[in-house]
Amino acid sequence: MSQVKAEHLCKDYGGVTALANVTLAVESGERRAIIGPNGAGKTTLFKLIAGEIAPTKGRIHFDGHDITDLPVHTRANLGLSHTFQRNNLFFDLTVLENVRLAVQHHRGIAGQVLKSVSGYSAVNAEAESILARLRLAAQSQQLARNLAYGQQRALEVALALATEPRALLLDEPTAGMSPAETIEMTRFIESLPRSLTMLIVEHDMDVVFSLADRITVLHYGEVIAEGAPGEVRANPLVQEIYLGAPPSVPPRGG
Amino acid sequence: MARHWKWAALIVAILAAIVYPYAVRSYFLSLAIEVLIYSIFAMSLDLLLGYTGLTSFGHAAFFGLGAYILAYTALGLTDNILVTVPLVIIGAALLALIIGFFALRTSGIYFLMVTMAFAQMLFSIAISWSDVTGGSDGLAGVPRPVIGVGAWAYTFDSRESYYYLVLAFFLLSWIALRSIVGSPFGAALRGIRDNEQRMRALGYNTFRYKMAAFVIGGAFAGLAGALLTHFTQHAAPETLYWATSGQVMIMLIVGGVGTLVGPMLGAAVIRLLPTFVSSYTERWEIVLGLVFILFVLFAPRGIVGLLRRAVEKRP
Amino acid sequence: MSASQFIFQLFNGLVFSMLLFILAAGLSLIFGLMDVINLSHGAFYLLGGYIGLTMVRQFDNFWIALIVAPLIVSGLGLIVEYFFLRRLYGRHRHLDQVLFTFGLALIAADLIRWRWGAYVESVPGPDELKGAVVIFGALFPRYRMSLIFFGLIIAAGLGLLIGRTRIGAIVRAGVSDAQMVSGLGIDIQKVFAGVFALGTALAALAGVLGAPVLNLYPGLDLEILILALVVVVVGGLGTLKGAFFGSLLIGLANTFGKALIPQFSMFLIFAVMAVVLLARPSGLFGVKGN
């Protein structure tokens, strides 16, 4: 059964169509990349699935539930987590406090008022282990606003992961990162458990072809191609959109 | 090391507060009682403004309702604080639930205006519904409180005894609020202040958290209003007036938002200001406004921020 | 309430609505462009009224007061904008701006009490508009009737200014995106200063016009500010249309409330506000703020 399903999604902004009739089904455990030129509607599609905006038409399903009318936080609690295209962190809190907010919520203790935060050692340990995995352990006491841009990007992913999602929407996880950071982040995402369903919007074709099981190509708010990386690459329509040339990177499987 | 100093300072402060009534004239004892009461009031606003980022400009609503509930029950039902204080807290919390239901749908400037408008509505009711509220005279003749269980009872009829009662409530409020802001719930409130959208993305139902903070803040403000009424023995409509909301806001800004020491310092400074200024000029409200504006312009983190900066600059 | 009483209250409600509109339009304009809720707006109203009073006593001419008082007050507004508010523009300083205007309101209220005392002062209307007209057996004072026309003229003038002129276009663009305006090479600082001056002038104008109807007394600054705030919350911040229809709604609710349920007239106003907020959190014509 497909885990994330969008049916005939449409989104208009005051008469301008950002998304026209997009249907999409992502299997459980699948890694799906969404690509397309700027303004193709990738981020709009993500915001619709995550619940940040409401569709003009169409339905969205998650694990068989219709989540179209559910608010963002309810979707997150069902296990659908997302990162933001622009870093959207708790900039005035420390890196550790950032991640701890995510951990304490999914552990169900965020409403506690009697004991100090530092007294919950399991929460702290979990937060620190997530930071270690994203190589942010050394920065845990810094304010998020003082991190380097690439580190903020990593914290963005850390926050989404710390909610222990079953499906993860990554909106350009490597945007603005240095080449070295991009490789590191790609490896990290690759290393995540195969059971985690992923949808990734990404401009970097290296990242896309090394991560994705399947690729959906959006153009002017419509799906123009969908399939395994090899199929998509061979698709003449896709080639035409990407300046008449096939994507510059040879396939690496996956 | 710094921790040790903090504890030492705290113990000295509490000891000083305990011996204070023996050291000063009754005028300064009254001032201290008011400072403690306004400290509770300002701390309760800080939970909203400093910790949750809710810019309430109608905090007097809860303060004044606490004052009127206390006056009404103490005059008509009982003056036993074991009954009146819970009633006040429940009443103020319920009011916060109602106002919050409307106001928390909005944010930022709208929230400020809506909370202010609700408080002003209560003020106008207090003025015009004189059968119940005593109109612009308010409710006078409120007795000093009694604490009693069964046959045993004690009346706080001296100024000294009432000072200790207020001190006890102040310490309890401080411990409770300190516990709240240090807890996971407090961390969640700071998360909302910093980035509410991200909190929702993490799965937090932020409306509920904000409502909880609003209700807790309202309840403590109600307590402060009740304590003031027992002290002045009078529930006045001015407790609901926007100037009261403004004054507690001034205390908080001058003291320092986002800390619990700040509201206390601010309450002390603002409460003492008229005493010192009035020996030079009658226009102490102008002085108050100027002091406030100077802090807003040049020291938005208040006295606490100035002290911190001074400590950090020291080598 | 008989039919003639009803018409009379309706008339009074319209008069009050127009005064509220002139005041609220200034508040709403300033917010719309600068994102500043000016809590000293009521103080500017009262100051306008008192300066007008002094002018009327000095020159025995209402019309001079009507022109000079708004000019003086808008000059003060310019000074406030240039020396203080300007320091507080920026994304995270909205609260500081509000707090600053609150401090200013405190100082202004005390200064006014200092200069003009704490009495209720009544101001005579212009000689040309003395007396009343009898319609359907009810007396309609000429001055009040003229206020309705005056309010409509101001509304039309502001509508043209905002809707049809280059300055209005900038203000409208500023309402949605102040940065874009700066990007077009327009000196947004000057626009801000101009709008703030216009807003305070409108407050003072309302103060002079309202004095013969509402009198002048310390505390009126706050009463009128609260009503203006409710108007912009109900109508939607930053829109002229919202200020106009919000004023009609609140002005009529206030007048009929006072006539029908005098003890709870304020309650009625806030009930209207609560209902609007439930249905449309950003006001009847509001576009931003949420």
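Structure report, in brief. Keep in mind the model is a prediction, meaning the values are calculated, not measured.

### Some thoughts on the overall build of chain B
Here comes step 1: Per the secondary structure count, chain B includes 14 helices and 4 strands.
Here comes step 2: Over its C-alpha trace chain B gives a radius of gyration of 19 Å, about what one expects of a compact globule, namely 20 Å for 315 residues.
Here comes step 3: With the C-alpha coordinates of chain B rotated into their principal frame, the extents come out at 55 × 45 × 45 Å.
Here comes step 4: Counting across all 315 residues of chain B, residues that qualify as buried make up 59%.
Here comes step 5: Within chain B, counting contacts between residues at least 6 apart in sequence, those at least 24 apart form 77% of the total.
Here comes step 6: Total accessible area on chain B is roughly 12700 Å²; 67% of this is exposed by carbon and sulfur atoms.
Here comes step 7: Mean positive and mean negative side-chain charge positions of chain B (20 and 13 charges, respectively) differ by 16 Å.

### What about the overall build of chain A?
Here comes step 1: Assigned secondary structure in chain A consists of 9 helices and 10 strands.
Here comes step 2: The C-alpha radius of gyration of chain A comes to 19 Å, within 12% of the 18 Å expected for a compact globule of 254 residues.
Here comes step 3: A principal-axis box enclosing the C-alpha atoms of chain A has dimensions of 60 × 40 × 35 Å.
Here comes step 4: In chain A, the proportion of contacts linking residues at least 24 apart, taken out of those at least 6 apart, comes to 65%.
Here comes step 5: Per element, the accessible surface of chain A, about 10900 Å² overall, is 53% carbon and sulfur.
Here comes step 6: In chain A, 23 side chains carry a positive charge and 27 a negative one; their mean positions are 3 Å apart.

### Focus on the packing of helix H2 (residues 26–52) of chain B against helix H8 (residues 184–194) of chain B
When two helices pack together, you describe them by how their axes are tilted relative to each other and by the distance separating the axes.
Residues and elements named next belong to chain B.
Here comes step 1: Remark: H2 packs on H8, axes separated minimally by 8 Å, with the N-to-C direction vectors making an angle of 55°. Between H2 and H8, the interaxial angle falls into the category oblique. From H2, Leu 47, Gly 50, Tyr 51 and Thr 52 reach across to H8, where they touch Leu 189, Arg 190, Ile 192 and Arg 193.
Here comes step 2: Here the residues of the contact of H2 with H8 are counted per class, giving 4 nonpolar, 2 polar and 2 charged.

### Overview of the packing of aromatic side chains
Residues and elements named next belong to chain B.
Here comes step 1: Following the criterion strictly, the structure yields 30 aromatic pairs over all chains and no others.
Here comes step 2: Measuring from centroid to centroid gives 6.4 Å for Phe 57 and Trp 242, while their planes differ by 40°, and the two rings are tilted. In this pair, Phe 57 sits in the loop between H2 and helix H3 (60–76) while Trp 242 sits in helix H11 (residues 242–255), placing the two residues 185 residues apart along the sequence. For the pair Phe 57 and Trp 242, a shared accessibility class is recorded, and that class is buried.

### With respect to a positive patch on the surface
Residues and elements named next belong to chain B.
Here comes step 1: Residues Arg 3, Lys 6, Arg 178, Arg 193, Arg 301 and Arg 308 make up a contiguous surface patch of positive charge.
Here comes step 2: Tracing the chain through its elements places Arg 193 in helix H8.
Here comes step 3: Take Arg 193: its relative accessible area is 34%, and that puts it in the partly exposed class.

### Some thoughts on helix H10 (residues 240–260) of chain C
Here comes step 1: Under the 1.5 Å per step criterion, the end-to-end length of H10(C) is 30 Å for 21 residues, consistent within 8% with the ideal 30 Å.
Here comes step 2: Between a side-chain oxygen at the N-terminus of H10(C) and the backbone nitrogen of C:Gly242 the separation is 2.9 Å; the capping residue is C:Thr239.

### Here we look at the pairing of strand S8 (residues 197–201) of chain A
Residue and element names in this part refer to chain A.
Here comes step 1: For S8, a buried count of 5 out of 5 residues is recorded, marking the element as mostly surrounded by other parts of the structure.
Here comes step 2: Every second residue of S8 is oriented toward a common face, with Thr 197, Leu 199 and Val 201 on one face and Met 198 and Ile 200 on the other, all of them buried.
Here comes step 3: Two elements, strand S3 (residues 31–35) and S8, share 4 bridges in a ladder whose sense is parallel. Bridge pairing links Ile 34 to Val 201 in S8.
Here comes step 4: Looking at chain direction, strand S7 (residues 167–171) and S8 are connected through 5 bridges and run parallel. Counted as the bridge partner of Leu 170 is Ile 200 from S8.
Here comes step 5: Following the chain from S7 across helix H6 (residues 179–191) to the adjacent parallel S8, one finds a crossover that is right-handed.

### Some words on the side chain of B:Ser161
Residues and elements named next belong to chain B.
Here comes step 1: As for its placement among the helices and strands, Ser 161 is situated in helix H7 (residues 159–182).
Here comes step 2: With relative accessibility at 7%, the residue Ser 161 sits in the buried group.
Here comes step 3: Residues contacting Ser 161, with those up to four places away along its chain left out, are Tyr 154 and Phe 156.

### Regarding the sheet that holds strand S5 (residues 65–66) of chain A
All names here are of chain A.
Here comes step 1: Strand order in the open sheet formed by 4 strands is S2-S1-S4-S5, and the pairing between neighbours is antiparallel. Edge strands, defined here as strands with exactly one partner in the open sheet, are strand S2 (16–27) and S5.
Here comes step 2: Those strands touched by helix H1 (residues 42–50) are strand S1 (2–13), S2 and strand S4 (57–62), and its axis lies near 65° from that of S2.

### Quick word on the nonpolar core
Here comes step 1: Ranked by internal contacts, the top residues of the largest apolar core, which has 254 residues, are A:Leu155, C:Leu39 and C:Met273.
Here comes step 2: A total of 17 residues in this core trace back to one element, the largest contributor, which is helix H1 (residues 3–34) of chain C.
Here comes step 3: Excluding its chain neighbours within four sequence positions, the residues that come into contact with C:Met273 are B:Val114, B:Ala117, B:Phe118, C:Val230, C:Val233 and C:Val234.
Here comes step 4: A:Leu19, A:Val22, A:Ile53 and A:Leu199 belong to the second-largest nonpolar core, a separate cluster that totals 24 residues.

### With respect to the interface of chain A and chain B
Here comes step 1: In this assembly, 31 residues from chain A lie in contact with 23 residues from chain B.
Here comes step 2: Buried area between chain A and chain B, both sides added, is near 2200 Å², and the carbon and sulfur share of it is 56%.
Here comes step 3: Of all residues in chain A, A:His73, A:Phe90 and A:Val113 give up the largest surface area on contact with chain B, accounting jointly for 25% of the area buried on that side.
Here comes step 4: Where the side of chain A that touches chain B is concerned, the elements lending two or more residues are helix H2 (72–78), helix H3 (95–106) and helix H5 (149–162) of chain A.
Here comes step 5: For the side of chain A that touches chain B, the residue count by class is 17 nonpolar, 10 polar and 4 charged.

### Topic: the interface of chain C and chain B
Here comes step 1: Taken together, the contact pairs 45 residues of chain C with 42 residues of chain B.
Here comes step 2: Salt-bridge contacts for B:Glu285 lead to C:Arg113; the nearest nitrogen and oxygen are separated by 3.9 Å.
Here comes step 3: Across the chain C-chain B interface, the total number found is 2 residue pairs in polar contact (both at pLDDT 80 or more).
Here comes step 4: For the side of chain C that touches chain B, the secondary structure elements donating two or more residues are helix H4 (94–116), helix H9 (220–235) and helix H11 (265–279) of chain C.
Here comes step 5: The element that contributes the greatest number of residues to the side of chain C that touches chain B is H4(C), accounting for 14 residues.

The rules behind the values
- Residues numbered from 1 in each chain as written.
- Chains lettered and ligands numbered in written order.
- Predicted model: local features only at pLDDT ≥ 70, side-chain atom pairs only at ≥ 80, totals over all residues.
- Heavy atoms only, no water.
- Helix = DSSP H or I, 4+ residues; strand = E, 2+ residues; numbered from the N terminus.
- Rg over C-alpha atoms; globule rule 2.2 N^0.38 Å.
- Buried < 20%, exposed > 50% of the residue type's maximum accessible area, 1.4 Å probe, protein only.
- Contact = heavy atoms within 4.5 Å.
- Areas by Shrake-Rupley, 256 points an atom, 1.4 Å probe, with all protein chains shown as cover.
- Lys, Arg positive; Asp, Glu negative; His and termini not counted.
- Charge placed at Lys NZ, Arg CZ, Asp CG, Glu CD.
- Axes fitted to C-alpha atoms, helices over the stretch in contact; angles between N-to-C directions.
- Parallel < 35°, antiparallel > 145°, perpendicular 65-115°, else oblique.
- Nonpolar A, V, L, I, M, F, W, Y, C, P; charged D, E, K, R; others polar.
- Phe/Tyr/Trp six-rings, centres within 6.5 Å; stacked < 30°, edge-to-face > 60°.
- Patch = residues over 30% accessible without salt bridge, like charges linked within 9 Å, V, L, I, M, F, W, Y side chains within 5 Å.
- Salt bridge = Lys/Arg side-chain N within 4 Å of Asp/Glu carboxyl O.
- Expected span 1.5 Å × (residues − 1).
- Polar contact = N/O pair within 3.5 Å; in protein donor to acceptor, adjacent residues only side chain to side chain.
- Pairing = 2+ DSSP bridges.
- Right-handed = clockwise from strand over helix to strand, strands pointing away.
- Core = buried A, V, L, I, M, F, W, Y, C linked by side-chain atoms within 4.5 Å.
- Buried area = accessible area lost by both parts, 1.4 Å probe.

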